[in-house]
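# Close look at the chain arrangement
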Amino acid sequence: MPEPASQVAPPASPTLSASQLATLAEIGEERVADVGEVLYRVGDRSYPFIAIIAGEVAIRDAAGNEIVRHGAASFIGELNLLSGQTVFVTAIVTERLRYVAVERDVLRALLFEDGPLSDLVLSVFIARREALQRVQGVGIEIVGPRSSPATMQMLEYARGNRLPFAWRDPERADDTAAAALVAGLDATSLPLVRLPGGVELHGPSTGEVSRALGIGRELAPREEVDLLVVGAGPAGLGAAVYGASEGLDTLVIDSTALGGQAGSSRRIENYLGFPAGITGTELTTRAVTQARKFGARLATPYRAVSLTPGDARHVVRLEEGNEVAARAVVLASGAQYRRLPVEALADYEGTSIFYAAGPPEAQLCGAERVGVVGGGNSAGQAAVWLARGGALVTLLHRRADLRETMSDYLVRELERYGVAVRDRSEIGALHGADGRLDAVTLRSGERLHLSFLFLFLGALPCTDWLDDTVGRDDHGFVLTGPPAGAERLLETTLPGVFAAGDVRSDSTKRCATAVGEGAMAVQLVHARLAAAAR
Ligand SMILES: Cc1cc2nc3c(=O)[nH]c(=O)nc-3n(C[C@H](O)[C@H](O)[C@H](O)COP(=O)(O)OP(=O)(O)OC[C@H]3O[C@@H](n4cnc5c(N)ncnc54)[C@H](O)[C@@H]3O)c2cc1C
C-alpha cells in the first residue's frame, strides 16, 4: 500500500561536484527563477534536467503535498526524464533559484560519455523512482475489479514498467468512491485509467497508456531491420548491445517492459562484476542505456503474435497490427514462472517470496517459518535445502499424495529433515507489510504463520505465438543447435532465427547465461548473414 507523501523518506539529496556543475553549464543554459515559480508540473509532457547552482526547490504531489526539497549543488529529475514519460510531480521554487537547465537529449548524450556523472544520475533517478512508487497519490490510477482480466493486465504492465500507480478495486467494500467511478461502465471500458494531469482513458490497451504517458517509441506499420530481437530481458538486451554495436540495424520489442524477469529481482547476487549485488532495476536500466547508446531501437509494449518464414527476411507480426521484416531474428521471449493468483504478490516478491532457494536464501531463512509451494522435485529439493539450513519448513501442495509428483527419495528426505507436508493445500491470501510476510491464509480458511515463501510452480516458456514455425521441446521451449538439427549453436529449426536465454530448451535459467547467449547469438547472426550473401 503506498504511503502518504509526508511519510516516505526520500533518498538523500545528491551533490554534484564543482567540475560536474561546470560540465553541465557548458552544455546547458543558465537560468533564474523566483519563489513560487513552477519549473514543471504533474502531467507535463517533458522537463529539462535541472542542476541547482543556488536556491531551493520543493517537489510536490498532485494534491500539493511536499515530498522533498533540493538545494544548492543537487539536481532534480527522476527516471521519466530519461524515458520521456509524462511528469508525475510538481517542482516549485521555494528560494530564489539559479540553475542550469539541460535538455533531455543533450543530457542523454552526456551520460553516454561521462561515467561518474552517469553513475550518479542513474542511481539517484532509480532511487527516486522507487521512493515515488511508495508515495500515495503519485502516478497513474487504475480503477477496475480483480475479476477484470484487462485490469489485471494493466496492473502487471504498471508493475513491470515500475510506474508509480494506485489500484482501486470497485469491488472492495471500503472504496465506494471507486465503485462510483466505474458505475455503468461495461467490461470493455475497464479499467478506467487516470493519468497524471487528469486525463481519463476507458479500457485502454497498455500500448495506448504507454503512448499517452510518452513512454517508448511508436513503430511504423512496417519496419525493415537487419536484426529483430523479441523480448527485452537480459538475453534480448545482450543481443541488442552486441548487435547494434557491431553495425546491425537492431530493433528490440517487448510485450511488457524493458528488463524482463531480471528487472523484477530485488537483488541479483551472482552477476559477474557486482560483488555487493545489483538490483534488477539498476542492471536493466544500465543495459537499456547502453543499448540505446549503440543505436539499438527499443519499443514497448509490442507483443509478437506470429512469425512467418521468408527467403531474405522473416516477418514478425505484432498484436497492434504492425509487422517487422528482419534478415535475422533472435527469440528472447523468456519464460514466466508460474505465480500465485493472490493479491499483492508483487509486494513480497524478492523480499519474502522467492522463485529459487540458494545459499543467500538459506541464510536468510535460518530459524524462520518458511513455506515451500509445489509438488515437484524442485520444491522438494528446496525444502530439504532450507530445512538443512535451519529453517522450519512446511511444504504445501495441491494433490492428495505427494508421491504422485515427487520422487520417493525426496519424500524420504523431507521426513528426515523434519519438513511438514500439507496435502491439498492452496494459498488464498498473503498477510504482512512493507514486503515482509507474516502469514498466509489457505483456501480452506486456515491461517499459517510463515515469514518466507518459495514458489516452485513451474516455468512456462513464452512461445505460444510461434506455433510450429520453429521446433520446440515437450514443454514448449525452443530447440536450438544439434537437437534441432540446426547448423549453428543457438540456431533454431528455421535458418536465420536464433533463440537465447530462458526461452531456449535446456538453457540455464540465469541472468549471466542469458546475457552471454544474447551476445553469442549475434556472432551467429553475422555468420548466417555472411553465408546468405555468398
Ligand atoms: C524474481 C526473480 C529473481 C531472479 N533472481 C535471479 C538472480 O538473482 N540471479 C540470476 O542469475 N537469475 C535470477 N532470476 C532469473 C533471471 O531473471 C532469468 O534467468 C533471466 O531474466 C532470463 O532472461 P531472458 O532474457 O532469457 O528472459 P526474460 O527475463 O524472461 O525476458 C523475456 C522478455 O520477453 C518478453 N516477451 C515475452 N513474450 C513476448 C512476446 N510474444 N512478444 C514480445 N515480448 C515478449 C517479456 O515481457 C520479457 O520482458 C530471477 C528471476 C526472477 C523472476
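Residues numbered from 1 in each chain as written. Predicted model: local features only at pLDDT ≥ 70, side-chain atom pairs only at ≥ 80, totals over all residues. Heavy atoms only, no water.

## Considerations on the overall build of the chain
Along the chain, the regular secondary structure elements total 14 helices and 27 strands. Against the compact-globule benchmark of 24 Å for 534 residues, the chain has a radius of gyration of 25 Å, which places it among compact chains. Taken along its principal axes, the extent of the C-alpha atoms in the chain is 75 × 65 × 55 Å. Classification of the 534 residues of the chain by burial places 51% in the buried group. Considering only intrachain contacts with a sequence separation of at least 6, the fraction spanning at least 24 residues in the chain is 67%. When the accessible surface of the chain is summed, it comes to about 23500 Å², and 49% of that surface belongs to carbon and sulfur atoms. Where the 52 positive side-chain charges of the chain centre and where its 65 negative ones centre are 2 Å apart. (Helix = DSSP H or I, 4+ residues; strand = E, 2+ residues; numbered from the N terminus. Rg over C-alpha atoms; globule rule 2.2 N^0.38 Å. Buried < 20%, exposed > 50% of the residue type's maximum accessible area, 1.4 Å probe, protein only. Contact = heavy atoms within 4.5 Å. Areas by Shrake-Rupley, 256 points an atom, 1.4 Å probe, with all protein chains shown as cover. Lys, Arg positive; Asp, Glu negative; His and termini not counted. Charge placed at Lys NZ, Arg CZ, Asp CG, Glu CD.)

## Remarks on helix α14 (residues 511-533)
Every α-helix carries 3.6 residues per turn, so stepping three or four residues along brings you back to the same face. Its 23 residues place the ends of α14 33 Å apart at the C-alpha level, agreeing with the 33 Å of an ideal helix rising 1.5 Å per residue. Those residues of α14 that fall on the buried side of the exposure criterion are Cys511, Ala514, Glu517, Gly518, Ala519, Ala521, Val522, Leu524, Val525, Arg528 and Leu529. Contact partners of the buried residues in α14: β11 (222-230), α8 (234-245), β16 (323-331) and β27 (497-499). (Expected span 1.5 Å × (residues − 1).)

## A closer look at the environment of asparagine 161
In this fold, asparagine 161 is placed in the loop between α5 (149-160) and β8 (165-168). Under the relative-accessibility criterion, asparagine 161 is labelled buried at 14%. Along the sequence, asparagine 161 and glycine 260 sit 99 residues apart, while their C-alpha atoms lie 9.9 Å from each other. The residues contacting asparagine 161, other than those within four sequence positions of it, are Arg129, Thr256 and Ala257. Separated by 3.0 Å, the side chain of asparagine 161 and the backbone oxygen of threonine 256 make a polar contact. (Polar contact = N/O pair within 3.5 Å; in protein donor to acceptor, adjacent residues only side chain to side chain.)

## Considering the site of the ligand
Within the structure, the ligand sits among 33 residues, and Ala235, Asp254, Gln261, Asn270 and Asp502 are positioned closest to it. Here an oxygen atom of the ligand sits 3.2 Å away from a polar atom, N or O, in the main chain of proline 234. Cysteine 511 has a polar backbone atom sitting 2.9 Å from an oxygen atom of the ligand. Put simply, the parts of the chain that give the shell around the ligand at least two residues each are α8 and α14. Across the shell around the ligand, the residue classes tally to 15 nonpolar, 12 polar and six charged. (Near = heavy atom within 4 Å. Nonpolar A, V, L, I, M, F, W, Y, C, P; charged D, E, K, R; others polar.)

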